[in-house]
Each structure stands twice: as C-alpha cells, then as structure tokens.
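# Structural features, examined
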Amino acid sequence: DTGVSQDPRHKITKRGQNVTFRCDPISEHNRLYWYRQTLGQGPEFLTYFQNEAQLEKSRLLSDRFSAERPKGSFSTLEIQRTEQGDSAMYLCASSVDRGRTEAFFGQGTRLTVV
Amino acid sequence: GNSVTQMEGPVTLSEEAFLTINCTYTATGYPSLFWYVQYPGEGLQLLLKATKADDKGSNKGFEATYRKETTSFHLEKGSVQVSDSAVYFCALLNTNAGKSTFGDGTTLTVKP
C-alpha cells in the first residue's frame, strides 16, 4: 500500500499527558499537511510542510502543539498537556509539489482525552 | 477570505434516486474545487475535482461542474446506491501551496 499512513489509529489519553502522532506521506510527495476534524465539521487546517520546512501554521496550533518533519519524509505532531478540547480526529495529507493539486489523506488518528 | 458552504444534511434517499448536494464558495481568483468522501471512521478520499471554470469533474457516476458565475460546484449522481452512504465534503484550494478550505460536510444515507 503506497497511501498516506498514520499511526496510531486510535489514542486514549488522560488529561495533562503528552501524545505524539506519526504520518508517513506518499513517498514522492513533497508537501505534507495536518488537519483537525471534530464531529460534524469539516477538516480544519493546522500546519503545512514543504519538504522539511514548516511554511504555514494556523492560529489553531497553540503553543502546546508542535509538528516536525525532520528529513522531509515522515512527520510527527505532538500535543503537550492534553485537554479535553483536543479530542478530535487528526488527519494527515500529502501532495505533489505542483500547483493547485489535490491532497491525499490518511485514515486519521482519533484522539480521546479523558 | 476563503469559505465553502454546503447544503445542510442529513440527506436520506431511496436506492436509485437522484442526488444533488449543493456547494457554493467564496474565494478570490480562480481556485481549484474538489469533492471528497468520508466513510465512517476513515480519512477523506478524493471523489472528483475541477481546476477551472466550466470544467466537469466525474468519477463513479458522480459529477460536478465548476460554475464561476454562480460560484458553485454542486455534486450530482443520477442513481444512488446503498454503498454511496457517507459524508461528502466540498473543498477549495486557492493557492499554489498550502491549506484547503472545507465545507462542514453533508451526510448521505441511502436506504434499500
């Protein structure tokens, strides 16, 4: 399977704990995106990488959130001191580096903060 | 800024009925437009796309035409199946790189 892969698929954590999610994009895709989706809503943009450079961050990405893509391949999204409001589906997507092209999404990581 | 407004759901149809899900957008310039589909517990899958005015995107019997004059990209299918039951998202991309803007989704349920 050469699609976008996310790990884990589900994560339950206690409030105040740190969590880290991983995304492996499609191998030839230079662009990588993180989105957050809550129940009944469309995905909301969090951040975007072009190779290893983080080029755009949403104001939704508070200081407790950090994303990295150290070698321009896989990416991690870390949430520190989780809050109940962080419960959501975290979606990763990737695309080729060519104009206004569609993004391909992974299956998402469902985070539940209890 | 960019925004996408979708027809509110849920939409419930009988098998073989005609489907329309309305989508209108606000954007400067000439965005690319997309429809994505999401099945329960899964990520989004691209259903179809259109990159310029009057383009028609089509896939799996679904169609949508990019109408610049009405800033719309309505999704249609002539005969829905039970397997089409899912959430459908309209989206736009207005820059050469960066974020897409999504509507809130429309839930479709098709009954046998």
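Everything discussed here concerns the structure shown above.
Please read all numbers here as calculations on a predicted model, not as lab measurements. (Residues numbered from 1 in each chain as written. Chains lettered and ligands numbered in written order. Predicted model: local features only at pLDDT ≥ 70, side-chain atom pairs only at ≥ 80, totals over all residues. Heavy atoms only, no water.)

## Quick look at the pattern of salt bridges
Inclusion rule: Take a side-chain nitrogen of Lys or Arg and a carboxyl oxygen of Asp or Glu: if they are within 4 Å of each other, that pair is a salt bridge. Only DSSP runs of H or I reaching four residues or more are called helices, and only runs of E reaching two or more are called strands; each is numbered from the N terminus. A 1.4 Å probe rolled over the protein chains alone gives each residue an accessible area, and that area as a share of the maximum for its type sets the label: buried under 20%, exposed over 50%, partly exposed in between.
In total, this model carries 8 salt bridges over all chains according to the counting rule given. Residue lysine 49 of chain B pairs with glutamate 102 of chain A through a salt bridge whose shortest N-O separation is 2.8 Å. Here lysine 49 of chain B is found in strand β6 (residues 44–50), whereas its partner glutamate 102 of chain A is found in the loop between β9 (88–95) and β10 (104–105) on a different chain. Residues lysine 77 of chain B and aspartate 84 of chain B are paired through a salt bridge, measuring 2.7 Å at the closest nitrogen-oxygen approach. Aspartate 84 of chain B gets classed as buried once you look at its relative accessible area, which sits at 7%. Residues participating in the shared-partner salt-bridge network are Arg64, Glu83 and Asp86 of chain A.

## What about the environment of cysteine 23 of chain A?
Looking at the element boundaries, cysteine 23 of chain A is found in strand β3 (residues 19–24). Note: C-alpha distance between cysteine 23 of chain A and serine 5 of chain A (18 residues apart in sequence) is 5.8 Å.

## Some points on the nonpolar core
Test applied: Take the buried Ala, Val, Leu, Ile, Met, Phe, Trp, Tyr and Cys residues and link them wherever side-chain atoms come within 4.5 Å; each set so joined is a nonpolar core. Here a residue-residue contact requires only that any non-hydrogen atoms of the pair lie within 4.5 Å.
Grouped together as the largest cluster of nonpolar side chains are 25 residues, with contacts concentrated most on Trp35, Leu48, Phe73, Leu75 and Tyr88 of chain B. Elements with a minimum of two residues in this core: β2 (11–14), β3 (19–21), β4 (23–26), β5 (32–38), β6, β8 (62–65), β10 (86–93) and β12 (106–111) of chain B. Residues in contact with tyrosine 88 of chain B, not counting those within four places in the same chain, are Gln6, Ile21, Trp35, Tyr36, Val37, Leu47, Phe62, Leu75, Gly105, Thr106 and Leu108 of chain B. By size, the runner-up hydrophobic cluster in this structure holds 19 residues, among which are Cys23, Leu32, Leu46 and Phe49 of chain A.

## As for the pairing of β10 of chain B
All names here are of chain B. Note the following rule: Here a strand pair is declared whenever DSSP counts at least two bridges between the two strands.
Summarising burial for β10: 7 of the 8 residues are buried, a large majority. Both β5 and β10 contribute to a ladder of 7 bridges, which runs antiparallel. Along β10, the bridge assignment pairs leucine 33 with leucine 92. Across 3 bridges, β10 lies against β12 in antiparallel orientation. Its bridge partner lying in β12, alanine 86 is registered against leucine 108. Here β10 pairs with strand β11 (residues 100–102) via 3 bridges, running antiparallel. From the neighbouring strand, leucine 92 faces β11, where its bridge partner is threonine 101.

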